[in-house]
Amino acid sequence: MKKQFLIGLSAVLTTCTSAHAANLAMIASPPTMFSFFVLVIAGFCLFGSFQVWNQVKGGLLSRSWLMFLLGFVLLAISQLLNVLTSIELMALPVYVVPGLLTLMAGVFLYGVYNARKTLS
């Protein structure tokens, strides 16, 4: 048991590289707080749209609500990545978050188009 512990400890100590701390003070900045607020709201909307989608599953509006659900998933992912980038926990190219938001807008637009087509 001691031998395995020493082997594990030596493996951890020899493979260590420099560690960088996250900039947790950035969580209190207004843009990051707003992104976090939008992330929380997107989580609630995701839950609500999932509940509605479960109710209309197999119905005519099922595809529309699936698109709304996918749109809220994309919004939540983009805001999570935005917060993680703001507190410097992860580095992403600058076009990832706007690209996800553009994709989210397209998915929402397709959902609205599909609902309009179904209801008319």
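Starting from 1, residues in each chain are numbered consecutively following that chain's sequence as written. The predicted nature of this model means local features are confined to residues of pLDDT at least 70 and side-chain atom pairs, given and counted, to a pLDDT of 80 or more, with totals for whole chains, interfaces and linings taken over all residues. Side-chain calculation: all heavy atoms of the structure are included, whereas hydrogens and water are not.

Q: Let's hear about the overall build of the protein: which residues, and what values?
A: Only DSSP runs of H or I covering at least 4 residues are called helices, and only runs of E covering at least 2 are called strands; the numbering of each starts at the N terminus. The secondary structure content of the protein amounts to four helices and zero strands. For the protein, the sequential pattern of α-helices and β-strands runs α-α-α-α. The buried label goes to any residue with under 20% of its type's maximum accessible area, the exposed label to any with over 50%, and the partly exposed label to all in between, with areas taken from a 1.4 Å probe on protein chains only. Per-residue burial over the protein gives 27% buried out of 120 residues. Contacts are assigned to residue pairs that have any heavy atoms within 4.5 Å of one another. Summarising the internal contacts of the protein: among those between residues at least 6 apart in sequence, 67% fall at separations of at least 24.

Q: Give a description of the environment of Ser-29 that names residues and reports values.
A: Note that Ser-29 resides in the loop between α1 (2–14) and α2 (30–55). C-alpha of Ser-29 to C-alpha of Ser-86: the two residues are 57 residues apart in sequence and 9.3 Å apart in space.

Q: Tell me about α2, and name the residues and values.
A: With 26 residues, α2 should cover 38 Å at 1.5 Å per step; its first-to-last C-alpha distance of 38 Å lies within 8% of that length. Where α2 is buried, its residues touch α3 (62–86). Expected helix span is given by 1.5 Å per residue-to-residue step, counting one fewer step than there are residues.

Q: An account of the packing of aromatic side chains is needed here, citing residue identities and associated values.
A: In this scheme Phe, Tyr and Trp rings, the latter by its six-membered ring, pair at centre separations within 6.5 Å, and the angle between planes marks the pair as stacked below 30 degrees, edge-to-face above 60, and tilted otherwise. What the rule picks out here adds up to four aromatic pairs. Look at Phe-50 and Trp-53: their rings are 6.0 Å apart centre to centre, the planes differ by 40°, and that puts the pair in the tilted class. Here the residue Phe-50 and the residue Trp-53 both occupy positions in helix α2, the gap between them amounting to three residues, near one helical turn. On the accessibility criterion, Trp-53 (16% relative accessible area) is buried. Between Trp-65 and Phe-68, the ring centres sit 5.2 Å apart and the planes meet at 80°, which makes this aromatic pair edge-to-face. With a gap of three residues between them, Trp-65 and Phe-68 both fall in helix α3, about one helical turn apart.

Q: Now, about unusual backbone geometry: what can you tell me, with residues and values included?
A: Positive phi, normally seen in glycine, also occurs at Glu-88, with a value near 60°. With respect to the element layout, Glu-88 can be found in the loop between α3 and α4 (96–119).

Q: For the environment of Phe-34, give the residues involved together with the corresponding values.
A: In this structure, Phe-34 sits in helix α2. By relative accessible area, which is 56% here, Phe-34 ends up exposed. The sequence separation of Phe-34 and Val-83 amounts to 49 residues, and the corresponding C-alpha distance is 9.4 Å.

Q: Talk me through a nonpolar patch on the surface; I want residue IDs and the actual numbers.
A: Each patch is built from salt-bridge-free residues with over 30% relative accessible area, joining like charges within 9 Å and nonpolar side chains (Val, Leu, Ile, Met, Phe, Trp, Tyr) within 5 Å. Here, Shrake-Rupley sampling with a 1.4 Å probe gives the accessible areas, and only protein chains in the shown set may cover a residue. For this analysis, a salt bridge means a side-chain nitrogen from Lys or Arg found within 4 Å of a carboxyl oxygen belonging to Asp or Glu. A grouping of Phe-34, Phe-36, Phe-37, Val-40, Ile-41 and Phe-44 is seen on the molecular surface, where their side chains present a nonpolar patch of about 630 Å² in accessible area. Along the chain, Val-40 turns up in helix α2.

Q: Summarise the nonpolar core; cite the residues concerned and give the values.
A: Of all hydrophobic cores here, the largest spans 15 residues; its most connected members are Leu-74, Leu-75, Met-104 and Phe-108. Looking at this core, the elements with two or more residues in it are α2, α3 and α4. When residues of this core are assigned to their parent elements, the largest contribution, seven residues, is made by α3. Every residue in contact with Leu-74, bar those within four places of it in the chain, is listed here: Leu-100, Leu-103, Met-104 and Val-107. As used here, the term nonpolar core means buried Ala, Val, Leu, Ile, Met, Phe, Trp, Tyr and Cys residues forming a set that is joined through side-chain atoms within 4.5 Å.

Q: Could you give me a rundown of the packing of α3 against α4, with the residues and numbers involved?
A: Pairs of packed helices are described in terms of their axes, by the angle between the two and the distance that separates them. Fitted lines through C-alpha atoms serve as axes, helices being fitted only where they are in contact, and the angles separating the N-to-C directions of these axes extend from 0 to 180 degrees. At their nearest, the axes of α3 and α4 sit 8 Å apart, and the two run at 165° to each other. Judged by the angle between their axes, α3 and α4 are roughly antiparallel. By crossing handedness, the relation of α3 to α4 is classed as left-handed. Here the term charged refers only to Asp, Glu, Lys and Arg, the term nonpolar to Ala, Val, Leu, Ile, Met, Phe, Trp, Tyr, Cys and Pro, and the term polar to all other amino acids, Gly among them. Among the residues making up the contact of α3 with α4, the classes are represented as 19 nonpolar, seven polar and one charged. Oblique is the label for any angle not covered by the other classes, which are roughly parallel (under 35 degrees), roughly antiparallel (over 145) and roughly perpendicular (65 to 115). Handedness of each helix crossing follows the sense of rotation of the near helix against the far helix: counterclockwise by less than a right angle gives left-handed, clockwise gives right-handed.

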